[in-house]
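Per-entry structural report
Listed here are the chains, written in short residue letters.
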Amino acid sequence: MDNGTVVASVPKAARRKRGRPAEVLALNPGAGRLLGIEFARRAVRVAAMDAAHEIAGTAGVQHGPDTPWQTRIDLAWQLADGLTDGTLRSGTVNGIGVGTVGPVGPPDRRSPWAPPHDTVAALVRERFGSQVLIDNNTRLAALAETICGAAVGRQNVLYLRLSHDVGGGLVVAGALHRGAHGNSGRFGHITVDPDGAPCECGGTGCLETVASIEAVLDACRVAGCAVADVPELVAALESGDRSAHAVLAQVGGHVGRVLADVCHALGPDVIVLGGELVEAGPALMEPIERKLNANLARRSCGRPRVLPAALGDTGTALGAIALLQQQSSLAPTG
């Protein structure tokens, strides 16, 4: 009650009785909020949870890939302020979870795609006046899909996002797996073609060089299907364009083979596929499952289910809130 998290009220009926009126205690939805923020390459997304552990709302905005970090943080503030009815100020947020691109490990490790993650956390902490936990964006999406998305109730989940880059996350025995140096889940940098295209990671023929959005669109153009973005690709698939279907079948084969290899090592219950390319639907999902099942060991005791992600663009921001709940005393105990 001192910090406003719990409020007391006296019902009208109690006020008419003799003696000290009974008080009703309730959580104050306007206090003790948790925020989840995703800083993607081309967007900022925010989710807010109130003191009753209800999601108050989600919001996002697109920006250019070269947008300065201070501008991105200002965008996150504006989105969060809108979700909290314009009352966002120091003291009303109990914690902020942040998802960003690239490995998140020891502070002295630097990502080629972003400033040092301790710097990002410091900038967010300064702007919002709250404690900050930071992790990789796709790993947080994996956590969210396990807690409140497609894989609810599962303890061992493999998540793969097919977007402008290709990454993923692992939930093992119900806990997010990061690896010793924050590199866990970088499935996009598993080699699928040793003679393939160079990858920005320094490797050659990585999954990302064939299954990222740009790689798929480029392959479609080479095959004679000129598409500028994912919606145009989906339209071409729906119209029955054979070139587009052939490209997606090849991409699905690469993805399915990588997933089979990872399954042999980790044995997940469920595989969740997210990212914009999943909008291609059966044209991508079916060849992925075919290649996955063809490459899994015949004597495997069980085969993982393959499901599309349920949370869409909000997955990382919701996973960031889940991270706060798991790693702090703010987690509900009921």
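Just above, that's the structure.
So, a few notes on the structure that sits alongside this text. (Residues numbered from 1 in each chain as written. Predicted model: local features only at pLDDT ≥ 70, side-chain atom pairs only at ≥ 80, totals over all residues. Heavy atoms only, no water.)

1. What about the overall build of the protein?
To be explicit about the condition: Each helix is a run of H or I in the DSSP string that is no shorter than four residues. Each strand is a run of E no shorter than two, and both are numbered from the N terminus. Burial classification: accessible surface area is computed with a 1.4 Å probe over protein chains only, and a residue below 20% of its type maximum counts as buried, one above 50% as exposed, and the rest as partly exposed. For this analysis, residues touch if any pair of their heavy atoms sits within 4.5 Å. The Shrake-Rupley method, run with a 1.4 Å probe, gives the accessible areas here. Residue values count only the displayed protein chains as cover.
Within the protein, the secondary structure is distributed over ten helices and twelve strands. When burial is assessed residue by residue, the protein has 47% of its 334 residues classed as buried. In the protein, of all internal contacts separated by at least 6 residues, the share reaching a separation of at least 24 is 61%. When the accessible area of the protein is evaluated, it comes to approximately 15900 Å², of which 50% is carbon and sulfur surface.

2. Let's talk about helix α4 (residues 137-148)
Definition in use: Expected span of a helix: the number of residues minus one, times 1.5 Å.
Its twelve residues place the ends of α4 16 Å apart at the C-alpha level, agreeing with the 16 Å of an ideal helix rising 1.5 Å per residue. A large share of α4 lies buried, amounting to ten of its twelve residues. Every buried residue of α4 is accounted for by N137, T138, R139, L140, A141, A142, L143, A144, E145 and T146.

3. Describing the layout of surface pockets
Put simply, the rule is: Points on a 1 Å grid, built from protein atoms alone, make a cavity when a 1.4 Å probe fits but cannot get out and make a pocket when they are open with protein on both sides within 12 Å along at least 5 of 7 lines; residues with an atom within 4 Å of a point are the lining residues. Grid points are joined across faces, edges and corners, and a volume is the space filled by probe spheres set on the points. Residue polarity is assigned by list, with Asp, Glu, Lys and Arg as charged and Ala, Val, Leu, Ile, Met, Phe, Trp, Tyr, Cys and Pro as nonpolar; anything else, Gly included, falls into the polar class.
If you add up the space inside the largest pocket, you get close to 490 Å³. Taken together, 24 residues make up the lining of the largest pocket; nearest its centre are R45, S163, G275, E276 and D313. Of all the secondary-structure elements, those providing two or more residues to the lining of the largest pocket are β4 (43-49), β8 (157-162) and β11 (270-274). Among the residues forming the lining of the largest pocket, the class breakdown is eight nonpolar, seven polar and nine charged.

4. Let's talk about the side chain of R33
Summarising the element assignment, R33 is placed in strand β3 (residues 33-39). Not counting residues within four places of it along the chain, the set of residues in contact with R33 comprises M49, D50, T84, T87, T92, V93, N94 and G95.

5. Details of helix α2 (residues 69-83)
With 15 residues, α2 should reach 21 Å at 1.5 Å per residue; the first-to-last C-alpha distance of 21 Å fits that figure. When we look at burial in α2, the residues that qualify are W69, R72, I73, L75, A76, W77, L79, A80 and L83. Once α2 ends, the next one or two residues include D85, with phi positive near 60 degrees.

6. Digging into the packing of α4 against helix α10 (residues 315-327)
Applied cut-off: Axis lines are fitted to C-alpha atoms, over the contacting stretch for helices. Their N-to-C directions set the angle, which ranges from 0 to 180 degrees. Here the angle decides the label: under 35 degrees means roughly parallel, over 145 means roughly antiparallel, 65 to 115 means roughly perpendicular, and every other value means oblique.
Where α4 meets α10, the axes come as close as 7 Å, and the angle between the chain directions of the two elements is 75 degrees. Looking at the two axes, α4 sits roughly perpendicular to α10. Counting all contacts with α4, which are made through N137, L140, A141, L143, A144 and I147, the residues of α10 involved are G315, T316, L318, G319, A320, A322, L323 and Q326.

7. Points about unusual backbone geometry
Of note, A173 is a non-glycine position whose phi angle comes to about 55 degrees, a positive value. Structurally, A173 is set in the loop between β9 (166-172) and β10 (175-177).

8. Points about the sheet that holds β3
For the record, the criterion: DSSP calls a pair of strands paired once it identifies at least 2 bridges connecting them.
Pairing in this open sheet of five strands is mixed, and the strands run β5-β4-β3-β6-β7 from one edge to the other. Of all strands in the sheet, those bounded by a partner on one side alone are β5 (55-62) and β7 (132-136). The mean inter-strand angle of the sheet, taken between neighbouring strand axes irrespective of direction, is 15 degrees. Looking at chain direction, β4 and β5 are connected through seven bridges and run antiparallel. Bridging across to β5, V46 finds its partner in A59. Against the sheet, α2 engages β3, β4, β5 and β6 (93-100), with an angle of about 35 degrees to β4. Its contacts with the sheet put α4 on β3, β6 and β7, and the angle it makes with β7 is roughly 100 degrees.

9. Details of the state of the cysteines
Operational definition: For this text, the term disulfide refers to a pair of cysteine sulfurs within 2.5 Å.
Under the defined criterion, the tally for this structure stands at zero disulfides. Cysteine C201 is unpaired, with the sulfur of C199 as its nearest cysteine sulfur at 3.7 Å.

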